[in-house]
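# Per-entry structural report
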Amino acid sequence: MDEFAALVPPFEAAFLQYMAAWTFHGRCRQSRRYTTSKNCPLPTPADSLLFILVYLKQNTIHVLHGRLFGMRQSKATQWIPVLLPVLRNTLRTLGDAPCRSVEALRQCLGGEVPPLPLA
């Protein structure tokens, strides 16, 4: 719970930064600024963070994931591509993003990366 609570404020900041530049449908924001609607299925930053973390952990189909969070499949399908880059940017800001290469892993660990055991 402490790790989740610590992740919520930077996630909220990254979400607001993302929504200041982009609309919910992935278009460049032109006029109105983002506000959370009254009937938003994910009204708080903690709800949005839990939504995307559960999606990544369980890898559910969008219909099931929407049902878990009380929304239709179409809404779940809209939220997922919005929240994935927000989470990625949050983890990069905190220095906790996953390494994408062996060289990046070496730099992160500050030394040798042991070879993987053969199965």
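A word on a nonpolar patch on the surface. Together, Ile-61, Val-63, Leu-64 and Leu-68 make up an exposed nonpolar region whose accessible area comes to about 380 Å². By secondary structure assignment, the location of Ile-61 is in the loop between helix 2 (45-58) and helix 3 (62-68). Judged by relative accessible area, Ile-61 falls into the exposed class, the value being 59%.

The next subject is unusual backbone geometry. Glycine aside, residues mostly have negative phi, and peptide bonds are mostly found in the trans state. For Asn-59, which is not a glycine, the phi torsion comes out positive at approximately 50 degrees. Position of Asn-59 relative to the elements: it lies in the loop between helix 2 and helix 3. Classification of Asn-59 by relative accessible area gives exposed; the value is 60%.

Spanning 14 residues, helix 2 covers 20 Å between terminal C-alpha atoms, matching the ideal 20 Å at 1.5 Å per step. Within the sequence span of helix 2, burial applies to Ser-48, Leu-49, Phe-51, Ile-52 and Tyr-55. Projected down its long axis, helix 2 shows its buried positions confined to an angular sector of 160 degrees, all on one face. In helix 2, those exposed residues whose orientation departs by more than 90 degrees from the buried face are Lys-57 and Gln-58. Once helix 2 ends, the next one or two residues include Asn-59, with phi positive near 50 degrees.

Cut-off values and rules
- Residues numbered from 1 in each chain as written.
- Predicted model: local features only at pLDDT ≥ 70, side-chain atom pairs only at ≥ 80, totals over all residues.
- Heavy atoms only, no water.
- Patch = residues over 30% accessible without salt bridge, like charges linked within 9 Å, V, L, I, M, F, W, Y side chains within 5 Å.
- Areas by Shrake-Rupley, 256 points an atom, 1.4 Å probe, with all protein chains shown as cover.
- Salt bridge = Lys/Arg side-chain N within 4 Å of Asp/Glu carboxyl O.
- Helix = DSSP H or I, 4+ residues; strand = E, 2+ residues; numbered from the N terminus.
- Buried < 20%, exposed > 50% of the residue type's maximum accessible area, 1.4 Å probe, protein only.
- Expected span 1.5 Å × (residues − 1).
- Arc of directions from axis to C-beta.

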